[in-house]
Amino acid sequence: MREKEEKKKRVDAASEELERRSKYLSSLIERTKIKAESDQEEATKEPRKRKEKEKEKVKEEDRRGELVGGEGDEGEKEFMKKIRVRAADMAPALQRRAFRCAREVFDTMPKLESKRLALALKKEFDTAYGPAWHCIVGTSFGSYVTHSLGGFLYFSIDKVYILLFRTAVEPLAH
C-alpha cells in the first residue's frame, strides 16, 4: 500500500513537472511568434520608408536640375555631350546622379579602370538608394539582367559602356 502511494506521488510530481515544462514551452513559442510578427512588420515598414526617402531624393534632385538642364560649367556640358543613354528604366534625377558620379570618377583616373568605376557607382547608389545595386563597366560585354522597376540604366561615355541596375531584395523567412 505504501508502495502505491509513493508511486502515485512520483507520478504526480512527474505530471506537475511536465505541466510546468509545457507551459514554459508554450510561452516561449508565443513569444517567438510575437517577435516574428513584429520583425515581419518592421521588414515591411523598412522598404516603404526607404522608397519614400528615394522619392524625396529624386524630387529634390529634379528641383535642383542637377547636371542635365542645370547651370553647369563648360566641362560638365562637354562631358554630357559624350554621354549616350542606350536604354533606361530610371528616373531622370537618378540618371543624372549616375552621370555625375561617373564623371567624378573619370576625372580622377588617368586611364580607364573599369573595376574602380563600377565599384564607385555601385557604392554611390547603394548608400543613396538602398542595397542590391549592380554595375558592369567595359568596352565590350553582353548581358541579360532582371532588374527592379525603375532601376535600370545602360549608357556610354565615349567608348566605355556602363550598365547600372538594381535587383529586388526580399527578407528571409525563418
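Residues numbered from 1 in each chain as written. Predicted model: local features only at pLDDT ≥ 70, side-chain atom pairs only at ≥ 80, totals over all residues. Heavy atoms only, no water.

Identification of the protein as Dynein light chain from Rhynchospora tenuis is taken from an unreviewed UniProt entry. Per UniProt, the protein carries the Sequence similarities (unreviewed entry) text "Belongs to the dynein light chain family." (UniProt positions renumbered as here; feature names shortened; annotations may be inferred.)

A. View of the side chain of Ser 156. Tracing the backbone shows Ser 156 in strand β3 (residues 151-157). Non-local contacts of Ser 156, meaning those with residues more than four positions away in its chain, are made with Lys 82, Ile 83, Arg 84, Arg 86 and Tyr 161. (Helix = DSSP H or I, 4+ residues; strand = E, 2+ residues; numbered from the N terminus. Contact = heavy atoms within 4.5 Å.)

B. Quick peek at the sheet that holds β3. As summarised here, the arrangement of the four strands in space is β1-β3-β4-β2, forming an open sheet in which the pairing is antiparallel. Two strands close off the open sheet at either side, each with one partner strand: β1 (83-90) and β2 (133-138). Ignoring which end each strand starts from, the neighbouring axes of this sheet average 10 degrees apart. Where β3 lies against strand β4 (residues 160-166), six bridges are found, and the strand directions are antiparallel. Looking across to β4, one finds that Ile 157 is bridged to Val 160. Packed on one face of the sheet, helix α3 (residues 92-108) meets β1, β2, β3 and β4 and runs near 45 degrees to β3. Here helix α4 (residues 114-129) sits on the sheet and contacts β1, β2 and β4; the angle it forms with β2, its principal contact strand, is near 160 degrees. (Pairing = 2+ DSSP bridges. Axes fitted to C-alpha atoms, helices over the stretch in contact; angles between N-to-C directions.)

C. Structural detail: the nonpolar core. Within the largest apolar cluster, 27 residues are counted, with the highest numbers of intra-cluster contacts made by Leu 117, Leu 121, Phe 125, Phe 155, Ile 157 and Ile 162. With seven residues, the top contributor of residues to this core is α3. (Core = buried A, V, L, I, M, F, W, Y, C linked by side-chain atoms within 4.5 Å. Buried < 20%, exposed > 50% of the residue type's maximum accessible area, 1.4 Å probe, protein only.)

D. Representation of the packing of α3 against α4 within the structure. For the pair α3 and α4, the least separation of the axes is 10 Å and the interaxial angle reads 140 degrees. Considered as vectors, α3 and α4 are oriented oblique to each other. Judged by the twist between their axes, the crossing of α3 over α4 is right-handed. Side by side, α3 and α4 meet where Leu 94, Arg 97, Ala 98, Cys 101, Ala 102, Val 105, Phe 106 and Thr 108 of the first sit next to Arg 116, Leu 117, Ala 120, Leu 121, Glu 124, Phe 125, Ala 128 and Tyr 129 of the second. Taken together, the residues that form the contact of α3 with α4 break down as twelve nonpolar, one polar and three charged. (Parallel < 35°, antiparallel > 145°, perpendicular 65-115°, else oblique. Left-handed = near helix turned anticlockwise from the far one by under 90°. Nonpolar A, V, L, I, M, F, W, Y, C, P; charged D, E, K, R; others polar.)

E. Looking closely at the pattern of salt bridges. Under the definition given, this model contains five salt bridges. Among the salt bridges present, the one from Glu 124 reaches Arg 97, with a minimum N-O distance of 2.8 Å. Linking Glu 124 in helix α4 with Arg 97 in helix α3, this pair joins segments that are 27 residues apart in sequence. Across the pair Asp 126 and Lys 122 runs a salt bridge whose closest N-O atoms are separated by 2.5 Å. (Salt bridge = Lys/Arg side-chain N within 4 Å of Asp/Glu carboxyl O.)

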